Amino acid sequence: MEVVPPNLTSYQKAIIYSNARFTITEASTKVGKTYSHIIWLFMKSHEAGIDHDGRNYWWCAPIYNQAKIAFGRFRRYLAHSGIYRFNESNLVIYCPNGSQIHFKSAEKSENLYGEDVFAAVFDEAPRAKEDSWYALRSTLTATEAPCKLIGNFGGVSNWVHLLKEKASNDETYEYFKITCWDAVKEGILSEKEVLQAKRDLPEKIFKELYEAEASEDEGQLINFENIRRLFQEKNLLDGQKYITADIARLGKDKTVIMVWSGFKVVYVKALNVTTIPHSVDAIKSIQRLYDVHNNNTIVDEDGVGGGVKDYLKCKGFINNARPVKLKGKEENFANLKTQCYWKLAEMINQDLMEVHCDEEIEKALSQELEWVRLPKEVDTSKISLISKERIKEFLGRSPDFSDALMMRLWFVLRPNYGVYSVK
């Protein structure tokens with residue numbers, strides 16, 4: 001069998017013939033990324049000089065229906081030959097050389113563990129969970145197989161976007177960004193159609209879908225660049241020591257304890273769901289280590305946190321408490337939590353805060369801060385943020401790290417507190 005690839009654009013060729021084992025492609029809609037990767041996976045499953053019998057090649061997508069769409073496209077390309085067999089129920093193509101092309105859903109990470117996988121495409125990867133990538137990466141280890149990740153821009157803290165950083169210092173990875181203007185230049189898209197889309201769509205949507213660029217949500221309070229700078233050294237002065245702690249309740253929640261020196265987070269400890277005594281002991285240990293008094297320690301008082309506050313006799317943070325009056329005036333916030341998040345956003349956007357933590361916590365906190373947003377309909381007489389439940393829908397977890405960060409502003413709004421220390 002001789003495989004003759006179709007005509008491809010220069011950027012399609014650059015991606016599919018890359019020498020990097022892993023390629024990450026953030027691309028505009030309708031620029032031919034799916035088509036070119038279908039060609040690549042087909043070519044890998046038909047490489048000459050290899051015994052393909054029993055070898056598996058995977059096409060992975062965030063949900064079953066997307067995997068089925070790719071299976072249908074493959075099937076249309078191959079059915080006319082009469083030498084391929086198709087399993088419609090399991091989404092498998094059986095090739096005449098003995099190789100098998102499987103179309104897999106990444107809805108559950110356990111679906112992506114397997115054997116004898118010699119190449120894979122992760123389609124629409126930014127819409128899938130990072131755990132699914134970990135599972136797929138584990139599967140590819142035994143065969144040292146290549147993988148190509150593709151999708152539209154998914155946000156600056158999305159795990160696929162963060163993978164591109166590896167391309168700058170690891171030759172195993174290569175990053176590609178394909179915009180609508182690249183496709184216009186290559187004749188894939190009509191310039192007239194792209195300009196019409198730009199007129200028709202909100203700027204944020206056009207930037208992300210057509211130009212693969214970050215664009216803040218209209219209601220987003222903290223911009224991407226300042227979130228990134230939050231984790232950079234700014235030489236802020238040390239100051240009073242504080243501890244803020246968001247106490248775990250149920251499910252995937254974590255207990256997050258932050259130690260502050262002025263407006264610098266100098267230490268972060270994250271615990272899985274713990275008992276009240278466990279949380280109390282952890283905070284007491286950190287208080288002794290960093291010489292932080294109870295008057296400079298605050299925990300969220302809602303739910304389990306109320307018990308921790310009672311044991312420690314420290315300050316308590318009540319999310320739905322009334323906003324603090326400033327200079328004798330009421331501020332138009334729905335509650336204390338919204339008021340503190342608003343002040344937090346102001347400080348981060350002015351580069352007045354700094355966080356030192358490991359890479360995993362940085363990623364989680366960055367994602368959470370992106371979701372500090374106003375709802376679509378804003379009542380200016382009583383400003384509120386999108387609900388915690390809504391954020392959980394997007395993140396798949398509670399914003400525990402950002403809540404711990406936000407509580408530091410309680411001491412700013414109540415300047416009579418936070419002036420104590422012990423030696």
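Details of the structure are given in the entry above.
Given the structure is predicted, the values throughout are model-derived calculations rather than measurements.

Draft legend 1. Structural context of the packing of aromatic side chains. All told, the structure shown has 14 aromatic pairs when counted by the stated rule. Aromatic pair Phe122 and Trp159: ring centres 6.0 Å apart, planes at 50°, arrangement tilted. Of this pair, Phe122 sits in strand E6 (residues 117-122) while Trp159 sits in helix H5 (residues 159-163); the two residues are 37 residues apart in sequence, bridging distant segments of the chain. Across the pair, exposure class does not vary: Phe122 and Trp159 are buried alike. Connected via pairs of aromatic rings, a cluster forms that spans Phe22, Phe122, Trp133, Trp159 and Tyr173. Directly above the ring of Phe118 sits Arg55, whose terminal nitrogen or CZ lies 3.7 Å from the centroid. Across the ring face of Tyr94, the terminal group of Arg85 is positioned such that the distance to the ring centre comes to 4.5 Å.

Draft legend 2. Just the sheet that holds E6, in detail. Here we have 8 strands laid out as an open sheet, ordered E3-E4-E5-E2-E6-E7-E1-E8, and mixed in their pairing. The open sheet has two edge strands with one neighbour each: strand E3 (85-87) and strand E8 (173-178). Ignoring strand direction, the axes of neighbouring strands in this sheet form an average angle of 15°. Summarising the sheet, strand E2 (residues 56-61) and strand E5 (residues 100-105) pair through 6 bridges and their orientation is parallel.

Draft legend 3. The arrangement of the packing of helix H2 (residues 33-44) against helix H3 (residues 64-78) in detail. Relative to each other, H2 and H3 sit at 65°, their axes nearing to 11 Å. Judged by the sense of rotation from one axis to the other, the crossing of H2 with H3 is right-handed. Contact residues: H2 offers Thr34, Tyr35, Ile38, Leu41 and Phe42, while H3 offers Arg73, Phe74, Tyr77 and Leu78. Classifying every residue of the contact of H2 with H3 gives 7 nonpolar, 1 polar and 1 charged.

Draft legend 4. Highlighting a negative patch on the surface. On the surface, Asp358, Glu359, Glu360 and Glu362 cluster together into a negatively charged patch. With respect to the helices and strands, the residue Glu360 is situated in helix H13 (residues 359-370). Of the residues examined, Glu360 reaches a relative accessible area of 64% and is grouped as exposed.

Draft legend 5. Here's a closer look at the pattern of salt bridges. On inspection of all chains with the given rule, the structure shows 14 salt bridges. Note that Arg127 is salt-bridged to Glu124, the shortest N-O span being 3.8 Å. Under the relative-accessibility criterion, Arg127 is labelled exposed at 55%. Owing to a relative accessible area of 14%, Glu124 belongs among the buried residues under this scheme. A salt bridge links Arg229 to Glu225, with the shortest nitrogen-to-oxygen separation between them at 3.5 Å. On the criterion of helical spacing, the pair formed by Arg229 and Glu225 is a turn pair, its members being 4 residues apart in helix H9 (residues 224-229). Using a relative accessible area of 34% as the deciding quantity, one classes Glu225 as partly exposed.

Draft legend 6. Examining the environment of Ser138 more closely. Here Ser138 shows up in helix H4 (residues 130-141). The class of Ser138 is partly exposed, set by a relative accessible area of 42%. Considering only alpha carbons, one finds Ser138 and Ala120, 18 residues apart in sequence, at a separation of 12 Å.

Draft legend 7. Summary view of the pairing of strand E7 (residues 147-151). A large share of E7 lies buried, amounting to 5 of its 5 residues. With 5 bridges joining them, strand E1 (residues 22-27) and E7 adopt parallel strand pairing. When the bridges of E7 are listed, Ile24 appears paired with Leu149. Crossover handedness for the path E6 to H4 to E7: right-handed.

Draft legend 8. A look at the packing of helix H10 (residues 276-290) against helix H11 (residues 305-312). It is the contact of H10 with H11, at a shortest axis distance of 9 Å, that shows an interaxial angle of 50°. With respect to their mutual orientation, H10 and H11 come out oblique. When the axes of H10 and H11 are compared, the crossing they make is right-handed. Here H10 contributes Ile276, Ser279, Val280, Ile283, Lys284 and Gln287 to the contact with H11, which in turn contributes Gly307, Val308, Tyr311 and Leu312. The residue inventory of the contact of H10 with H11, partitioned by class, reads 6 nonpolar, 3 polar and 1 charged.

Criteria and thresholds
Residues numbered from 1 in each chain as written. Predicted model: local features only at pLDDT ≥ 70, side-chain atom pairs only at ≥ 80, totals over all residues. Heavy atoms only, no water. Phe/Tyr/Trp six-rings, centres within 6.5 Å; stacked < 30°, edge-to-face > 60°. Helix = DSSP H or I, 4+ residues; strand = E, 2+ residues; numbered from the N terminus. Buried < 20%, exposed > 50% of the residue type's maximum accessible area, 1.4 Å probe, protein only. Lys NZ or Arg CZ within 6 Å of the ring centre and 35° of its normal. Pairing = 2+ DSSP bridges. Axes fitted to C-alpha atoms, helices over the stretch in contact; angles between N-to-C directions. Left-handed = near helix turned anticlockwise from the far one by under 90°. Contact = heavy atoms within 4.5 Å. Nonpolar A, V, L, I, M, F, W, Y, C, P; charged D, E, K, R; others polar. Patch = residues over 30% accessible without salt bridge, like charges linked within 9 Å, V, L, I, M, F, W, Y side chains within 5 Å. Areas by Shrake-Rupley, 256 points an atom, 1.4 Å probe, with all protein chains shown as cover. Salt bridge = Lys/Arg side-chain N within 4 Å of Asp/Glu carboxyl O. Lys, Arg positive; Asp, Glu negative; His and termini not counted. Charge placed at Lys NZ, Arg CZ, Asp CG, Glu CD. Right-handed = clockwise from strand over helix to strand, strands pointing away. Parallel < 35°, antiparallel > 145°, perpendicular 65-115°, else oblique.

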